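Residue strings, one per chain:
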Amino acid sequence: SMIDMSEDGSYIVTSQGQTVRLFTRQGIMLWDQSPGGTVTGLSISPDAEIVVAGGGRTVQSWYNSGAGLGRNTTDTVQDIKLSPLKDQIIVSTSKALRSYNLSYVPNWYDDNISPGGIEISGDGTGIVIPYGNRIRMYHGSGTLLWEQQFPGGQILCLAYSRDGSTIVAGRDDGTVLVLDREGTLLATGNAGYWATSVGVSEN
């Protein structure tokens, strides 16, 4: 199961198996849809206008009303994020990092990696992905800005502050890394167990 929420908390989008559901904050279900496979990625725009999801080899998007916006097939979907600017959808697959427009027409791709997750800054200019014990930062246009390797465990989860200043990564050796936007390591903590979920404030 996965969950995401609009910026003001008015709408909540969830997944269970192959089903995507949109709820109001009062818990009223507005619609349910299926992208055709078990959902492995889910994202809602800050204003709740657009919902995107991916599962199996299918990526799909809908308007808040439930009307379909776009659909395409790709390699097996690992994660999907809608840019807060609503100008592109970023998808990590078993073979590549891919960017599409809102109708799933391809923009750019990097087929040298298979990232496990995606985080995007609030202004859409920074895209951060983990793979293995490395972290990469892309500009929203697809240009690779930097890559840093951190000897030790594999990165299991990632968070990126809305203002783009701070990246937090959790690893399977129990360590938690805190980086700035240039990839400089600011701090290391120890969670004691596998760090499978991390978060960071807006700033």
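The notes below deal with the structure included here.

The rules behind these values
- Residues numbered from 1 in each chain as written.
- Predicted model: local features only at pLDDT ≥ 70, side-chain atom pairs only at ≥ 80, totals over all residues.
- Heavy atoms only, no water.
- Pairing = 2+ DSSP bridges.
- Helix = DSSP H or I, 4+ residues; strand = E, 2+ residues; numbered from the N terminus.
- Axes fitted to C-alpha atoms, helices over the stretch in contact; angles between N-to-C directions.
- Phe/Tyr/Trp six-rings, centres within 6.5 Å; stacked < 30°, edge-to-face > 60°.
- Buried < 20%, exposed > 50% of the residue type's maximum accessible area, 1.4 Å probe, protein only.
- Salt bridge = Lys/Arg side-chain N within 4 Å of Asp/Glu carboxyl O.

### Focus: the sheet that holds strand β5 (residues 39–44)
Part 1: Spatially, 4 strands are ordered β5-β6-β7-β8 in an open sheet, and the strand pairing comes out antiparallel. Because the sheet does not close on itself, it has two edges, and the strands there are β5 and β8 (68–73). Neighbour to neighbour, the strand axes of the sheet diverge by 10 degrees on average, direction disregarded.
Part 2: In this structure, strand β7 (residues 58–63) lies alongside β8, joined through 5 bridges in antiparallel fashion. Following the sheet pairing, Q60 is matched in β8 by R71.

### Focus: the sheet that holds strand β10 (residues 89–93)
Part 1: The sheet built from 4 strands is open, its strands ordered β9-β10-β11-β12 with antiparallel pairing. The open sheet is flanked by β9 (77–82) and β12 (106–110), the only strands paired with a single partner. In this sheet, adjacent strand axes meet at a mean angle of 15 degrees when their direction is disregarded.
Part 2: Bridge analysis of strand β11 (residues 97–100) against β12 gives 4 bridges, and the strand direction is antiparallel.

### A few points about the packing of aromatic side chains
Part 1: Evaluated as defined, the whole model comprises 3 aromatic pairs.
Part 2: Judged by centre distance (5.7 Å) and plane angle (45 degrees), the ring pair of W31 and W62 falls under tilted. Taken together, the residues span a long stretch of sequence, with W31 in strand β4 (residues 29–33) and W62 in strand β7 at a distance of 31 residues. W62 shares its class with W31; the two are buried.

### Notes on the environment of S197
Part 1: Structurally, the position occupied by S197 is in the segment after β20 (185–190).
Part 2: Using a relative accessible area of 62% as the deciding quantity, one classes S197 as exposed.
Part 3: For the pair formed by S197 and D172, sequence separation is 25 residues and the distance between their alpha carbons is 11 Å.

### Concerning the pattern of salt bridges
Part 1: Inspection of every chain in the model, using the stated rule, returns 9 salt bridges.
Part 2: As a salt-bridge pair, E49 and K86 come within 2.4 Å of each other at their nearest N and O atoms. Here the residue E49 occupies a position in the loop between β5 and β6 (50–55), and K86 occupies one in the loop between β9 and β10, the gap between them amounting to 37 residues.
Part 3: In this structure E49 comes out as partly exposed when scored by relative accessible area, which is 36%.
Part 4: Using a relative accessible area of 22% as the deciding quantity, one classes K86 as partly exposed.
Part 5: When the shortest N-O distance is used, the salt bridge between D110 and R136 registers 2.8 Å. Here D110, found in strand β12, pairs with R136, found in strand β15 (residues 134–139); they are 26 residues apart in sequence, far enough to count as distant. With respect to class, D110 is no different from R136; both count as buried.
Part 6: Among the charged side chains, a salt-bridge network with shared partners connects D110, R134, R136 and E147.

### Let's talk about unusual backbone geometry
Part 1: Although it is not a glycine, A48 adopts a positive phi angle of roughly 65 degrees.
Part 2: Looking at the secondary structure, you find A48 in the loop between β5 and β6.
Part 3: Here Y104, not a glycine, exhibits a phi torsion of approximately 65 degrees, which is positive.
Part 4: With respect to the helices and strands, Y104 occurs in the loop between β11 and β12.
Part 5: Residue Y104 is classed as buried on the basis of its relative accessible area, which comes to 2%.

### So, the pairing of strand β16 (residues 144–149)
Remark: a regular strand shows side chains that alternate across the two faces of the sheet.
Part 1: The pairing of β15 with β16 spans 5 bridges and is classified as antiparallel. Each bridged residue has a counterpart across the sheet, and for I135 the counterpart in β16 is Q148.
Part 2: Here β15 folds back onto β16, and the loop between the two strands holds 4 residues, one of which, G142, carries a positive phi near 105 degrees.

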